[in-house]
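Reading the structure
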Amino acid sequence: MMTDFFVLKKFDRSQRYALTFFVEKVSSSFVSVLTPIAKYGLKKICLVLGMTLLLNGDSFCNGEKPLLEKVIKSNAEWKKILTPKQYYIAREKGTERAFSGEYHDHKGQGVYQCAACGNELFSSKTKFDSGTGWPSFWAPISQDKVREEKEHGFFMKRTEVLCNRCDAHLGHVFEDGPAPTHLRYCINSLILKFVEKKEQK
Ligand SMILES: [Zn+2]
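Cut-offs and rules
- Residues numbered from 1 in each chain as written.
- Predicted model: local features only at pLDDT ≥ 70, side-chain atom pairs only at ≥ 80, totals over all residues.
- Helix = DSSP H or I, 4+ residues; strand = E, 2+ residues; numbered from the N terminus.
- Buried ≥ 20, exposed ≤ 12 C-beta atoms within 10 Å, placed from the backbone.
- Contact = placed C-beta atoms within 7 Å.
- pLDDT = per-residue confidence, 0-100.
- Core = buried A, V, L, I, M, F, W, Y, C linked by C-beta atoms within 7 Å.
- Pairing = 2+ DSSP bridges.
- Axes fitted to C-alpha atoms, helices over the stretch in contact; angles between N-to-C directions.

**Examining the overall build of the protein**
- Helix and strand counts for the protein stand at 4 helices and 9 strands.
- Counted from the first residue to the last, the protein has its helices and strands arranged as α-α-α-α-β-β-β-β-β-β-β-β-β.
- Here the protein holds 201 residues, and the buried ones make up 26% of them.
- For the protein, long-range pairs separated by at least 24 residues make up 59% of all intrachain contacts whose partners lie at least 6 apart in sequence.

Here you go:
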């Protein structure tokens, strides 16, 4: 502040007016350039913050730490932990028969964990009835919980969904889900483990 004051004192009145005018012009044009970008950025930040709070509200309240450290095991080790059907899905990218799983019509309030490593993947808050016979969600609990990989088949392009902690194959994500994301995470019941969590106020 003091330096600004002494710098200004060196100018006479007309020079100060000119300087003020110049600064105002420069700053207002700077803001007008920034505004559309800033608006877009703010919208994005608000959306991400809003979604994070909405989906992770329970975790924040409980003070839980996200489980992000990787779980790496050999196929032999996974065979000991998983049932043969779970192994087929998680490690061999298999798919359970539609309507055969435990959770496609499950309506409890809580969290769906990865059956292989316990990573909290999906919340019942984003579960919806897709009618496909597989549990369907419009978003994971947070983007760092899952990993997505493009599959390039001969006849169709699909996006594979994997557990970001243990790399278990979970299912696929399609772009025909409901609002607000319009995504449909189509997940095998066998690789999910539901843990009931009542809403906390
Ligand atoms: Zn996992």
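Having seen the model, we can carry on.
**Things to note about the confidence of the model for the protein**
- On average, the protein scores 81 in pLDDT, and the residues at 70 or more come to 65%.
- Ignoring residues within four places in sequence, the model shows residues 1-8, a span with pLDDT below 50, making 1 contact including any to other chains.
- Between residues 57-65, whose pLDDT stays under 50, and residues either more than four places distant or in other chains, the model counts 4 contacts.

**Considerations on the nonpolar core**
- With 30 residues, the main nonpolar core has Cys114, Ala116, Cys163, Ala168, Ile187 and Ile191 as its most contacted residues.
- Of all elements in the fold, only α4 (84-90), β1 (110-114), β2 (120-123), β6 (157-163), β7 (169-174) and β8 (184-187) reach the threshold of two or more residues within this core.
- Apart from the residues lying within four places of it in its own chain, the contact partners of Cys114 are Asn119, Leu121, Cys163, Arg165, Cys166, Ala168 and Ile191.

**With respect to the sheet that holds β2**
- A sheet is described by the order of its strands in space; here 3 strands give the open sequence β2-β1-β9, paired in antiparallel fashion. The sheet is open, and its two borders are formed by β2 and β9 (192-196), each paired with just one other strand. In this sheet, neighbouring strand axes are inclined to one another by 30 degrees on average, regardless of whether the strands run parallel or antiparallel.
- By the bridge criterion, 3 bridges tie β1 to β2 in an arrangement that is antiparallel. Paired with Gln113 across the strands is Glu120, a residue of β2.

**Points about the environment of Lys73**
- Of note, Lys73 is situated in the loop between α2 (13-62) and α3 (75-81).
- The class of Lys73 is partly exposed, set by 16 C-beta atoms lying within 10 Å.
- Distance from Lys73 to Asp167, taken between C-alpha atoms, is 10.0 Å for residues 94 residues apart in sequence.

**Side note on the pairing of β6**
- Relative to β6, strand β5 (residues 146-152) runs antiparallel, the two sharing 7 bridges. Note on β6: the bridge partner recorded for Glu148 is Val161.
- Linking β5 back to β6 in an antiparallel pair, the connection comprises 4 residues.
- Taking the residues between adjacent antiparallel strands as the criterion, β6 and β7 are bridged by 5 residues, where Asp167 takes a positive phi near 65 degrees.

**Quick notes on the sheet that holds strand β3 (residues 127-128)**
- Taking strand neighbours across the sheet as the criterion, the 6 strands line up as β3-β4-β8-β7-β6-β5 in an open arrangement whose pairing is antiparallel. At either margin of the open sheet sits one strand with a lone partner, and together these are β3 and β5.

**Observations concerning the environment of Thr126**
- Structurally, Thr126 can be placed in the loop between β2 and β3.
- In this structure the C-alpha to C-alpha distance between Thr126 and Ile141, which are 15 residues apart in sequence, comes to 8.4 Å.
- If we ignore the near neighbours within four places in the chain, the residues touching Thr126 are Phe137, Trp138 and Ala139.

**As for the environment of Lys198**
- One can find Lys198 in the segment after β9.
- In the structure, Lys198 is positioned 88 residues away from Gly110 in sequence and 6.5 Å away in space, judged by C-alpha atoms.

**As for unusual backbone geometry**
- Following Ala179, the chain continues into Pro180 via a peptide bond in cis, with omega recorded as 5 degrees.
- Its location among the elements puts Pro180 in the loop between β7 and β8.
- With a phi close to 60 degrees, Lys93 is a non-glycine residue in the positive phi region.
- Structurally, Lys93 is set in the loop between α4 and β1.
- On the basis of neighbour counts, which here come to 15 C-beta atoms within 10 Å, the residue Lys93 falls in the partly exposed class.
- Its identity as a non-glycine residue notwithstanding, Phe99 has a phi of 65 degrees, on the positive side.
- Following the sequence through the fold, Phe99 ends up in the loop between α4 and β1.
- Residue Phe99 is classed as exposed on the basis of its 12 C-beta neighbours within 10 Å.

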